[in-house]
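Each chain, letter by letter, is given below.
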Amino acid sequence: MASSDGATMETDEDAEGVESTVDYQIEELIDRRTEEIEERIDDLQADLEEVDNYARISLGERRVKGTEANLAEFSESLTDFADRTFTKTNALESQLEIQRLLLAEMLEALAAADIEVDVSDVEQHQEGQLVMSASPEERLHEAMEKHSTD
């Protein structure tokens, strides 16, 4: 359609075609930008998952290392305690051995000097401790001796 001044006028169909082309271009532009944003979001989510996994592994490793350190410290503490106890036990056993030897020498010296020592209380105490200090075989043997002498 031509206008009176010689310019061409657009028809309604041409206007709709231009609008649909513009709408199509806008939609294409929006789709491209949306795709870019979605790809960026996917990349960021993947990065976030990677950081999250690293943080979990790192936290787990720190917990394991902390537990190992605590266990090593506890083990050292037990070892030190066992060493101190062993040393003290050895010292006590040494002192008891010296006292046994001293008492045996004193009793022999008294016997050599014809001095009689009443050790009946010690013998009664030993008999009372027989159950605690004797092995099962020794207790059976002692019981059989007592029974056969009665």
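Residues numbered from 1 in each chain as written. Predicted model: local features only at pLDDT ≥ 70, side-chain atom pairs only at ≥ 80, totals over all residues. Heavy atoms only, no water.

**Observations regarding the overall build of the protein chain**
Then comes step 1: Helix and strand counts for the protein chain come out as three helices and zero strands.
Then comes step 2: For the protein chain, the sequential pattern of α-helices and β-strands runs α-α-α.
Then comes step 3: Taking all 150 residues of the protein chain together, the buried fraction comes to 1%.
Then comes step 4: Summed over its atoms, the accessible surface of the protein chain is roughly 14000 Å², and 56% of this surface lies on carbon and sulfur atoms. (Helix = DSSP H or I, 4+ residues; strand = E, 2+ residues; numbered from the N terminus. Buried < 20%, exposed > 50% of the residue type's maximum accessible area, 1.4 Å probe, protein only. Areas by Shrake-Rupley, 256 points an atom, 1.4 Å probe, with all protein chains shown as cover.)

**What to know about a nonpolar patch on the surface**
Then comes step 1: A cluster of nonpolar residues, Leu107, Leu110, Ile115, Val117, Val119 and Val122, forms a patch on the protein surface that exposes about 430 Å² of accessible area.
Then comes step 2: Considering the arrangement of structural elements, one finds Leu110 in helix α1 (residues 12-112). (Patch = residues over 30% accessible without salt bridge, like charges linked within 9 Å, V, L, I, M, F, W, Y side chains within 5 Å. Salt bridge = Lys/Arg side-chain N within 4 Å of Asp/Glu carboxyl O.)

**Re unusual backbone geometry**
Then comes step 1: The backbone phi angle of Asp114 is positive, close to 55 degrees, even though this residue is not glycine.
Then comes step 2: Among the structural elements, Asp114 can be located in the loop between α1 and α2 (120-133).
Then comes step 3: Judged by its relative accessible area of 72%, Asp114 falls in the exposed class.

**Examining the pattern of salt bridges**
Note on pairing: side chains with opposite charge can pair once their charged atoms come close.
Then comes step 1: Following the criterion strictly, the structure yields two salt bridges and no others.
Then comes step 2: Where Arg56 meets Asp52, a salt bridge forms, and the shortest distance between an N and an O atom there is 2.6 Å. In this pair, Arg56 and Asp52 are both assigned in helix α1, four residues apart and thus about one turn of the helix distant.
Then comes step 3: A relative accessible area of 54% places Arg56 in the exposed class.
Then comes step 4: The exposure class of Asp52 is partly exposed, given its relative accessible area of 33%.

**Structural notes on the confidence of the model for the protein chain**
Then comes step 1: The predicted model of the protein chain averages 83 in pLDDT, with 83% of residues at 70 or higher.
Then comes step 2: Between residues 1-9, whose pLDDT stays under 50, and residues either more than four places distant or in other chains, the model counts six contacts. (pLDDT = per-residue confidence, 0-100. Contact = heavy atoms within 4.5 Å.)

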